[in-house]
Structure formats: C-alpha cells, structure tokens
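This is what each chain is made of:
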Amino acid sequence: MESALTARDRVGVQDFVLLENHTSEAAFIENLRKRFKENLIYTYIGSVLVSVNPYKDLEIYTKNHMERYRGVNFYEVSPHLYAVSDNSYRSMRTERKDQCILISGESGAGKTEASKKILQYYAVTCPASEHVQTIKDRLLQSNPVLEAFGNAKTLRNDNSSRFGKYMDIQFDFKGAPVGGHIINYLLEKSRVVHQNHGERNFHIFYQLIEGGEEDLLRRLGLERNPQQYQYLVKGNCPKVSSINDRSDWKVVRKALTVIGFSEDEVEELLNIIASVLHLGNVQYGGEDSGNACITSDTQIKYLARLLGVNGTVLTEALTHKKIIAKGEELMSPLNLEQASSARDALSKAVYGRTFTWLVNKINASLAYTDDSYKNWSVIGLLDIYGFEVFQNNSFEQFCINYCNEKLQQLFIELTLKSEQEEYEAEGITWEPVQYFNNKIICDLVEEKFKGIISILDEECLRPGDASDITFLEKLEDTVGGHPHFVTHKLADGKTRKVMGRDEFRLLHYAGEVNYNVNGFLDKNNDLLFRNLKEVMCMSENKILNQCFDREELTDKKRPDTAATQFKASLAKLMEILMSKEPSYIRCIKPNDSKQAGRFDEVLIRHQVKYLGLMENLRVRRAGFAYRRRYEVFLQRYKSLCPDTWPNWRGKLADGVATLVKHLGYKPEEYKLGRSKIFIRFPKTLFATEDALETRKHSLGESPQHVLLSLPSPLNLSHIVTICLSHTFHSDTPLQPPRFIKGFIYRHQERCPENEYFLDYVRYSFLMKLRRNLPKNVLDKSWPTPPAALTEASEHLRKMCMQNMVWTYCKRISPEWKHQMEQKMIASEIFKDKKDNYPQSVPKLFVSTRLNGEEINPKVLQALGTEKMKYAVPVTKYDRKGYKARPRQLLLTANCAIIVEEAKLKQRIDYKALKGVSVSSLSDGLFVLHVPSDDNKQKGDVVLQSDHVIETLTKVAICADKINNININQGSITFTVGQGKEGIIDFTPGSELLVAKAKNGHLSVVSPTLFCPGTWEGFHM
Ligand SMILES: Nc1ncnc2c1ncn2[C@@H]1O[C@H](COP(=O)(O)OP(=O)(O)OP(=O)(O)O)[C@@H](O)[C@H]1O
Ligand SMILES: [Mg+2]
C-alpha cells in the first residue's frame, strides 16, 4: 500500500500510518497542513477518516466521485468519506452486520455536512425502485426540516446543530434503502427564549417571518420584521450573510410536503411557531402590587386562537400557580420574575415537545412498512455535538461534554482497548500502548448515588431550601476528593484565581472546563407549572394535543429530571452503537473565523489532542492492519495454493501457514494467532486479493449481451456501473460449491448450475474494466474480455474512445483546432506517400516563417490591402541552368508570389495553378505548375523549401488544391515556357544533392531518413 499510496498522492501521506515519525505530533500536524494547503482535506489513520473543514466548496462530491468510490477497496482510492460510506455499505452486505458511522468533532468542524454527504452517497449509489425513491427523497428531505427547527446561528457556526442526531438507514436484502429512523438528543431549548450576543434563535422563526406568504403571516398575526419579537432580538443578529431565510423557507416548505405533512398539519405546526413568538411578547405589569398581570391582551388573543385554548384560562395560568393546601386547590399569584420564567418555561416546553413530535412524524414517514421482510440491515449515522468550552459553561455544556466523554469511552473500548485485548486473547505479543482511559470521568458524572447527576437529582428532589449553591456544596462533600474534580474551595491558589466561587471544574479527557452552577437545578427540573400543563392539555391544536398528554396530569410519579433522561438516552445510544460495527470520521475545524485556507495550528493541535488521534495512530502502527479468522481466510484464498485447493483436510492453522508460505509472505508481514491470522500491512492483503482476482479471471467466461442493448451515453464508467448493478452482487462472497459447479458447466447454455458462475465472470471483467479504463485516446490498453463478452467489450471500447475523443474535442482551443485541421490535411496528402512526412508530424505548423521585418517594405507596399497568409524562404532553381537562387514564397488569399528582395518576380493566381508536384522521397523540392499557354508566366516554377510539408499544406489550403498535390516516384516533368520541358530525377542517397546532370536533367539525391517505428500522430 505504501508505495501505491504515496505514488497516487505525493502531498504528505494519505494514511498517517505511513508517517515516518508517527509518534511526533508536529509531524502529524505538518502532514495535515501540507494536505490542507492542497485541498486534500481527508486523511486516514488506518480506517479512521480525519477530515478538515475546507470552508469552501471543493469539487469532490460529484456523481463521478461517487462512482469512483463505489465498490472499490478502501485503500485503492484516495481518502474520502465516500470510501468510508462505501466500506460500511459493503461490510453491511457481505458480513450482514449492522454498521454505524460516528462523526465527531467540535462545533463547526463539519459533522453535519459529512453526514449529509454520506446520506447523499447512499441515495445516489444504492439500487432504487419507485418505493425506494420515495424513501430516499424523504431521508434527504428530513435534513432541511430538522435543521430549520433544530439548528441556529452561533458564534462558532452559522448552521450549528443544537441537538444530537442518530439516524438509522435501513436497507433491504437487495441493498436498497427502504426506511429510516431518527433519534434526537437534548435539544438546546433555552435558545428559544434567550440567545447570546451575535447568535440567533432557531432558523425556522426567521424563515417564517422572511419567507412566509402575506396571507399566512396575517393569519398568524405576525409582522415581517424579526425585530418585533422579544425572542428574536436578544442576540441582535437577525440577518446573517451566509443564510438566505427566504429561500430556505421555500426549501423547508417543500420538504414538509415531500415528507408527507398534510396542509392542516403544516398550518398547525406554524401556529405553534407563531405562538412561541407571541408568548415572547407577552408583557407583564403590576410592579406596585407585587403580583404580575398581563398589560395588553393583543398577544393573548392571538395565543388563544393559535394554540386553540381559552384566553382567560391562559391568562390566569400565565400569572398564577396552582397549589394544593390541605387538600384544596388554590391559585397563588406570581410575582413579575416568576411569571416571566413561567412564560419562558411554557415557550421552551411547547417548542421542545413540538420538536420531538416533528422527529416522530418524520420517523412515521420513514418507517419501513413491509412486514413480509423484516430482515433488514442498518447503517447508523451519528452526528452529535462536539466537546464545548465557553467562557461561561452551564448545564447544557455539562451534558454535551458528558456525552463526548461517553463517545470517547466507546471509541477507546471499540478501537484501542479491544484491539489490545484481541491480540492478548490470540496470544500475540503486544507492545502496550499508553492511553488515557476516561472511564474514571464517566463514572464521576454518572455513577449511581455518587455521581454528579445523582447528586444533582437529589438536590432537585429533596424537600427544603435546595439551591444551586447547596448543590455545589454537596458536590464538594461527595466527590471533592476525586482527581478530576475541583471547586474554588478545593483548588490550589493558582487555580482559584481562574475559578468563580459558584463554579466546579471537571478535568475532561479533552481538557479542563469550569461549569457555573447557576441554573443547574431549574434546568434539570425542567418544570412547567401544573396549570400551564393543564391549559396545554386542553389545546385544540392537534399537534399540541399529542405533545401534552392528559395522563401526565394524573400521573403521580415525578418525571425524570433532564440529566437523568439524558443519561438514560446516552446509555441507550451506547448500546445501539456497541451492537454495530463502527467507522469513525473525526472532524477538525481549521480556524475560528470560518475562513477558507487558514490553518490555525494551535487550534488544530488542541483538537488532535482531544480527539485522541495520536493515541489512535500509535495503536494502529503498533498493531496489525488486518485480521481474519482462519476459516474465513482459508475459504477465501485457498484457490491460490495447490496444497489448499480445493480443500484443506488438516488443521486450519496449518492450512493458513501453508497458504501464506506459498504466497511468499515475509515473517514480519504477518503473525498467526490462536484462531486468526494477523496481517501487518494492507499491501500484503491487497497483493493477495489481486492474485485472487487474476485467478478468478483466468477461470471465467460469460454469455451475457446486456451491454449491447444499452444506448450510448458518453460516461462509460457509468455504463459499466449500470452493467454491474444489473449483473452480480459484488457484495456476495464467493460461494465455492456454486462456483465450481458453474465452472464445470460453463460451456453450456445458461442454466441454474452455471448462472452464478457466468454472472461472476461477467462481473469480474466489468469490475476490472472499470478500474482500468484507458486514460487518454493514445492509451490503447483494454482488458481482455472472456470469449462470450467479446462483442460487448468491443462496443464498450468504441464508446469509451468516442467519449474520450468527445471530451478532448470539447476542451480544445480555437488555435489548437486550427492546428489540427492543418495536420489532418497534411496527413491526407502525405501520409504513407512522402518519406519526410513522419518527421513533420510532431512539429507544430507555424502561422508564418517570415515576419514583417524579414520581407522588404516595398513588397509589402506592393501587396496593398492583400493580406498575407503565409511566407517562407525558398530556393528557386532556374529553368535553364538550374542555378539555385534564394527567394521568398508568399501566399495570400488569391495567389502565390515569388519575391526576390524588393521585387515581385512572379505572381501565380490560384485559379491558374494547375497543380503541384513533389517527390515521394525526403527532399524539399516541389514544382508549381502553371498553364504553358499563359504568356504572362515564364513556365512552371521549381522551388525547394526546408519545411516542404508545412509549405505545401498551406498552399493546398490557401489555393484549395488539396487534391492537386501530386506525389511522384522517380521523376517530375515540368514546362520551361513555350512548349519546352524539363525533367527532375529523384534518387535516394546519403545526403541532399541538387545539381544539373550530364543528361540535362535536374538531379536530386534525397537523403534516406531513419524512421523510428510507427508514427501514430503528433502528441496531444
Ligand atoms: N466538506 C465541506 N466542504 C465545504 N464546506 C464545509 C464542509 N464541511 C463543513 N463545511 C462548512 O462548515 C460549516 C459548518 O459545518 P457543519 O455545520 O457541518 O459543522 P458541525 O460540525 O455540524 O457543527 P455543529 O456542532 O455546530 O453542528 C458548513 O455550514 C459549511 O459552510
Ligand atoms: Mg452540526
């Protein structure tokens, strides 16, 4: 792999495993930098893909790129997320094991973009039927909808996902996507009521206001101005240059329809969005009495209508709280602060629950309904918030960073630890690799009774005066001694200086983060006053009706706190991920200013550290790249060794040992464990794969003629791909009994015994062809087809050539086109007829051999307005004594002119030019024939040019005499005025000699040229 990879891509190494100095962080970052500068944003660490956000559109996500990665071995092509996608897809199909792709990285690193690109890859490359197309559309369209409701502009990312997302794509047995399911995690609801400076609320609010039709806004009671809404002005950033809310609105509106929302549902959904904006504008008064009252009922009127509730009841619920004293229900008035937070709590609850409803609704539309075949396979995509550290970190950052600790733990478990454990289990010597196991931090957060979440819950639930500060004190009491926990009180002097008294610090695997406890209890309780819940349960809005279930009111059990719910959902997520084969995409943000081309080394080093990339690399380099169970390895490759083919009767390990010995594996390339072979370098495996491919090919032939019926579009790779999808499922592992049987029956008509084999042979040829298509029109290589595919192969070859010619023609400039036209004419006249033609082929024709200064001004003056098309120095031989005279030959649009210094010696109108004679040898002599009865002419002209092919091609074109250039063997007869004739005799010799012979002829000895093989044409 090493040489192949570096040859393919000379900018740094495309797999960090190949880094010379693989333990050096500086070398690691330098490699990233080098590649980033060349727009190579993807690099592997073994099978982990590292991706650096380019912050600009690179032309690497086209359909052609998708095709390039489809069905191709992971290491055969340069790193790309399509390679990871394709690899997961093929593993899912061949190994029948569910897959998941975990995309991680900090905010703005490109996680969501990557997950969308992967989804697009599957949508484009997987087989489809009508039903599948609908599902593909819905899967794709779920993105703009979820982004509208769940993404927002933050300081770090203009389209930041404010929720975590795990999406399962379900595939049927044919590999077609037939369904999907989304799980969402912890929407940042607080954004609905508050945004930091420079940030926005969720996109949907602005989209609705900017893009909503007049009629719609009127119905919703909204104005087309975000500044009017309290919930949209906090960040003071209604407009963002990179976002077009109006066009995004159209996209979202269309997507809702594609997903299957009815008009009524859309209306009810928008009623809710509008009502959140109205809620934000509910103003309270009543400072004097201390009891809050609503000062204007405009908002309440809209709210009552949009939410489908009674206005009076809503007003009361927004200003009072229901308490039960001595078994009696009482309404207790709220003060201003309490009322505002009750209102905000309602807004958050309404928005948050609606978001969950939306996800459920999308899930219903993606659900695979065909019960007849439940046995689908799954690829999961996890796009979840990365590690976050702000100036002020609150409950949300605590949850997000906890989530990242869990994912890191999973990463460690699945890649580092399990790798090591597997070597140990196999009895292979393992050089221990130091890595930080972050289980200790996960435990600190989540352990029952002792963990931070348990302590927080306890404070939320206990009677008495619990507050954020008592929570902090409890933490100090319980986990104060933990090595990854510090508070102001517990810290040393230096740390104290950078910590507030209301903060606790966690030493995460990624770095230290101070969390401010203010708001922890409220956010964890996530309480909505009972009477507000009651109002919402009575809502006539059908969506809210589903969001606020009446049973909630009668259920005596207190709902789980936000942190506990989150913890449970993460535990579930870990379970889901653990049950699947993982692939990783580790995203890196190159700078904090969202700029293309800027590589901020400090920022990147930090990310390399907390993504654990160096650790990952150390393990990959220390270990083996591949491992296979003996039976699998032997089954696959046994045909490559006479001792193991067709069956190995002894112990599996001995069979594998025999096989690899036969294959010439060197001792350092592999190790044999208890049940598996371990292969250190991918190159060893690929060499074996190639040998297998050749072996299979040598066995095959196929009678298929599907290709012949195809139209002739120009993208051959596409055609081959179509053929492949029609033919053999590449993912089906080789099935020896069928294969052998097929081989035996291969000469018979297609029948059940041989159809697998025949398809396989056809498939192999097409696969090989796809990988080895000629690179340009001069490349005549073409894989040899099996006998039965000869005709189809010939068709494909012609189409491929046409395609390359067409592509080539499309690219050429007018000058180059003109050059080629002249060369074509030269070829028509001289090819295989004149000896010095081949030498002229690679030399470009020039527009003229004499420029203005080299022609006497009097000549130019005499030409007047007649434009000169070509001029060349020539030698003229006198008609009588054959004396050589230097002259110039000028070609204009109408005539050829022989010039002697300042004099126009002879003018030959093209109309009068009877023809041109030239020898078949390598000399430059030629004769311009003119009519002998023309008194003005002194007879034919004998000339010699050093560029005879070019000169005569120009004459032929200017005079339109392509068919009048005569190539003569032996001698040329010409007229010397008034009926007299002269003769030129041509003979081959060692060097050019032109002289009058004793017989009065002009004798020309033409040098014989060395002819270097066949000339195909000049180089393009
Ligand atoms: N492969 C890419 N090609 C071009 N631009 C990209 C690519 N990946 C990301 N970007 C740019 O970076 C921006 C941020 O990417 P993205 O939204 O995927 O980040 P994220 O990791 O999901 O962040 P968050 O955690 O905030 O949701 C995109 O809006 C886009 O402008
Ligand atoms: Mg995102």
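Values in this document were obtained by computation on a predicted structure and should not be read as measured data.

Describing the site of ligand 1
At step 1: Of all residues adjacent to ligand 1, which total 18 residues, the nearest are S107, G108, K111, T112 and S160.
At step 2: Contact between ligand 1 and Y61: a nitrogen atom at 3.0 Å from a side-chain N or O atom of the residue.
At step 3: G110 is positioned such that a nitrogen or oxygen atom in its backbone is 3.0 Å from an oxygen atom of ligand 1.
At step 4: Calculation on ligand 1 without its partners gives an accessible area of 630 Å², and the protein chains cover 87% of this total.
At step 5: Contributions of two or more residues to the shell around ligand 1 are made by α5 (111–125) and β5 (160–161).
At step 6: Per-element tally for the shell around ligand 1: the top contributor is α5, with four residues.
At step 7: Of the residues assigned to the shell around ligand 1, the class counts are four nonpolar, nine polar and five charged.

Notes on the sheet that holds strand β18 (residues 670–672)
At step 1: If you trace the three strands from one edge of the open sheet to the other, you get β17-β19-β18, paired in antiparallel fashion. At either end of the open sheet lies a strand with only one pairing partner, and these are β17 (626–629) and β18. Across the sheet, the mean angle from the axis of one strand to that of its neighbour is 15°, orientation sign disregarded.
At step 2: Bridge count for β18 against strand β19 (residues 676–679) is three bridges, and the pairing is antiparallel.

With respect to the confidence of the model for the protein chain
At step 1: Summarising the model, the protein chain shows a mean pLDDT of 87, and 91% of its residues fall at 70 or more.
At step 2: Ranking the elements of the protein chain by mean pLDDT puts helix α1 (residues 2–8) last with 33 and helix α7 (residues 203–211) first with 98.
At step 3: Low confidence marks residues 1–9, where pLDDT is under 50. Its contacts with residues over four positions away, or in another chain, come to 19 contacts.
At step 4: Low pLDDT (under 50) marks residues 1011–1020, which in the prediction has twelve contacts with non-local residues, meaning those over four places away or in another chain.

Some points on the nonpolar core
At step 1: Among the nonpolar cores identified, the biggest contains 178 residues, and L32, Y122, F149, F205, F398, F471 and F504 are the most heavily contacted of them.
At step 2: Of all the elements, helix α14 (residues 336–366) adds the most residues to this core, at 13 residues.
At step 3: If you look at the next biggest cluster of nonpolar residues, it comprises 32 residues, including F845, V916, V918 and V930.

Thoughts on the pairing of strand β12 (residues 377–383)
At step 1: Among the seven residues that make up β12, seven are buried, leaving the element largely enclosed by the rest of the structure.
At step 2: Covered by surrounding structure in β12 are S377, I379, L381 and D383 together with V378, G380 and L382, the residues of both alternating faces.
At step 3: In this structure, strand β3 (residues 99–104) lies alongside β12, joined through five bridges in parallel fashion. For I103, the partnering residue across the bridge sits in β12 and is D383.
At step 4: Direction of pairing for strand β6 (residues 164–171) relative to β12: antiparallel, over a ladder of seven bridges. Bridging across to β12, Q170 finds its partner in V378.

Looking at the coordination of the magnesium ion (ligand 2)
At step 1: Here the magnesium ion (ligand 2) is held by the protein donor atoms T112 (OG1) and S161 (OG), which lie 2.0 to 2.1 Å from it. Of this pair, T112 sits in helix α5 while S161 sits in strand β5; the two residues are 49 residues apart in sequence, bridging distant segments of the chain.
At step 2: Classification of T112 by relative accessible area gives buried; the value is 14%.

Basis of the calculations
Residues numbered from 1 in each chain as written. Chains lettered and ligands numbered in written order. Predicted model: local features only at pLDDT ≥ 70, side-chain atom pairs only at ≥ 80, totals over all residues. Heavy atoms only, no water. Near = heavy atom within 4 Å. Polar contact = N/O pair within 3.5 Å; in protein donor to acceptor, adjacent residues only side chain to side chain. Areas by Shrake-Rupley, 256 points an atom, 1.4 Å probe, with all protein chains shown as cover. Helix = DSSP H or I, 4+ residues; strand = E, 2+ residues; numbered from the N terminus. Nonpolar A, V, L, I, M, F, W, Y, C, P; charged D, E, K, R; others polar. Pairing = 2+ DSSP bridges. Axes fitted to C-alpha atoms, helices over the stretch in contact; angles between N-to-C directions. pLDDT = per-residue confidence, 0-100. Contact = heavy atoms within 4.5 Å. Core = buried A, V, L, I, M, F, W, Y, C linked by side-chain atoms within 4.5 Å. Buried < 20%, exposed > 50% of the residue type's maximum accessible area, 1.4 Å probe, protein only. Donors = N, O, S within 2.8 Å, 3.2 Å for Na, K, Ca; no water.

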